[in-house]
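Next come the chains, spelled out residue by residue.
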Amino acid sequence: MGRKLLLEKAHVPGIRSYEVYRREGGYRSVEKALKTMSPDQVTEEVKKSGLRGRGGAGFPAGMKWSFLAKPEGVPRYLVCNADESEPGTFKDRYLMEFIPHLLVEGLIVSSYALGSNKTFIYIRGEYAWIVDILEQAIAEAKNNGFLGKNILGTGFDLEIYVQRGAGAYICGEETALLESLEGKRGNPRIKPPFPAVKGLWDSPTVVNNVETIAAVVPIINITGEEYAKIGVGKSTGTKLISACGNINKPGVYEIDMTISVEEFIYSDEYCGGIAHGKKLKACIPGGSSVPILPANMLLKTAKGENRMMNYESLSDGGFATGTMMGSGGFIVLDEDQCVVRHTLTLARFYRHESCGQCSPCREGTGWMEKILKNIEYGKGKKSDIDLLWDIQRKIEGNTICPLGDAAAWPVAAAIRHFRDEFEWHVQYPNAAQNRNYGLAHYADPLPVASAPKA
Amino acid sequence: MAQFSAEKLNKVNEIIARYPAGKQKSALIPVLHIAQEEFGGWLSSETMDYVASLLNIEPIEVYEVATFYSMYNLKPVGKYVFEVCQTGPCMLNGSDDIIEYIKSKLGIKVGETTADGLFTLKTVECLGACGYAPMMQLGKHYREHLTKEKIDAIITECERNAVTNN
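Residues numbered from 1 in each chain as written. Chains lettered and ligands numbered in written order. Predicted model: local features only at pLDDT ≥ 70, side-chain atom pairs only at ≥ 80, totals over all residues.

A. Broad picture of the domain arrangement of chain A. As far as domains go, chain A holds domain 1 (18-229), domain 2 (235-334) and domain 3 (339-434). Classifying every residue of the side of domain 2 of chain A that touches domain 3 of chain A gives 9 nonpolar, 2 polar and no charged. (Domains from an automatic or database assignment. Nonpolar A, V, L, I, M, F, W, Y, C, P; charged D, E, K, R; others polar.)

B. A look at helix H7 (residues 128-143) of chain A. All names here are of chain A. Along its 16 residues, H7 runs 23 Å from first to last C-alpha, staying within 8% of the 22 Å computed at 1.5 Å per residue. Every buried residue of H7 is accounted for by Ile-130, Val-131, Leu-134, Ala-137, Ile-138, Glu-140 and Ala-141. Summarising the contacts, the buried residues of H7 are in contact with helix H1 (18-23), helix H5 (91-98), helix H6 (100-114), strand S2 (116-123) and strand S4 (156-164). Remark: Gly-145 follows H7 within two positions and exhibits a positive phi of approximately 80°. (Helix = DSSP H or I, 4+ residues; strand = E, 2+ residues; numbered from the N terminus. Expected span 1.5 Å × (residues − 1). Buried ≥ 20, exposed ≤ 12 C-beta atoms within 10 Å, placed from the backbone. Contact = placed C-beta atoms within 7 Å.)

C. Region of the structure containing unusual backbone geometry. Residue and element names in this part refer to chain A. Going from Lys-191 to Pro-192, the amide bond is cis rather than trans, its omega being -5°. The backbone of Asn-150 sits at a positive phi, close to 50°, despite the residue not being glycine. Structurally, Asn-150 can be placed in strand S3 (residues 148-151). For Leu-152, which is not glycine, the phi dihedral falls at a positive 50°. Relative to the helices and strands, Leu-152 resides in the loop between S3 and S4. We classify Leu-152 as partly exposed; it has 15 C-beta atoms within 10 Å.

Right, here's the structure in full:
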């Protein structure tokens, strides 16, 4: 049983209410930070903890905080990114829905460290009912002196506001989020300047993911040094993984990043194995943008070592044989799933969500969807596979924001690892309409072409 | 021309008060949500012009936002809008079948509204309920682990509510 720092109390009855949350030790980190530490000391603890941004990029959170410009007389803002929209990812929703005070507590401590007196939670518009849960928690915290003017008599003032988006994946990109918060289309900004210098309303701003902010609570409670001892290497602390797809126990799990991918999938403590007694075909371990891996590359690295559920091990081998931790959206495909069709749904997603600002992404995502649709529906040509490869290569790295890369990588990885499944679709379009390619050699370390040919 | 009630206007002013002076445009997305709820589930150009006047911004600033975000309806919709997720994780768990079932049950295509004005079917991209797939949004809430039986029950529930509310 791994150590739990975020969800340990998530199932205590009534934990959504202030009374129960407080009785269970909630808001201790606010008392400790505001009464016994300076803002810089809080930042220092976060740095020592090695906490990496939990939204997907994995950038060290303490370092991000230390970049915040602090000119005299200019307000600074903390914005919490709750625009969780990466397919496969539903961890922030879980945290906000079941233990909302943990986020509020983390925001108070983080706002104190950064000098933000007005902090915004930007939440995806579809999570409409969670807005009520958060606003209730904020009101309770305020009634108990943890928000508002002169918090705990320390002279620190803070208001937290929840603002809904209205349906746009791109608003999870931090500068698009700021544009949206300012009442505009979610078009990412050209950087520099970075938000740390010029963010919300041109003021210095830090944007952090929900889980990152929540992790500040245990860091202050147990110290950054202790937090850094959990996990392995540069994967410190615990990580929320939202598991979905063809598994027995979909849900949100808190792991300490020392367990193997195999254990995560097959242990009853986590995913409980593949649903309906089927076999594992492929997995996207970090949200739809990260490379899909066939089973035979997923469980072991190219060096033959067990692949572990942490940043380094998941990316071991680069994109040739590895993938990424990403947002922790763990999507599992069983032996009866079609990689072409699954990739098509992702390509459609990115086409729908491209903001349209950069032509490689705006046009490229549309092309990729169209070509994949042709292949999936029996109208593909062999040259289409190379064309897809060419398009994704021309999107990657050529756009203002990482949505372009996020759209390119799933297509690239599907072709890289499942090229024969694409070729089978093109070669046997009629058969491909009636059944799936199956497991083929993907579960097996030896490339045995055991798939149906006609 | 419909206008907000005094209560809703208070809400709008409360939102604007969160921002620094002169940054009232920041309230646009929340105010459009309120407008869509208040004025029949969609945003007409009159509604958008009204919102522009409330926030003291140009109408085009409202149009460009309203057309960008997928939650705003720019034409009338049914009383109950089924927004069914079709992205990867939901597809792996049978969302294609669910969408087909709703189409045949309601006799409409994706994007259409039933003749009685009760139901609209939309397909949407990932709503962050991947572990509880297949799913759809209905109003403020999610309906998860969908099956054909659940769809039947939801339709019956909506029909009953529509009668009660009239």
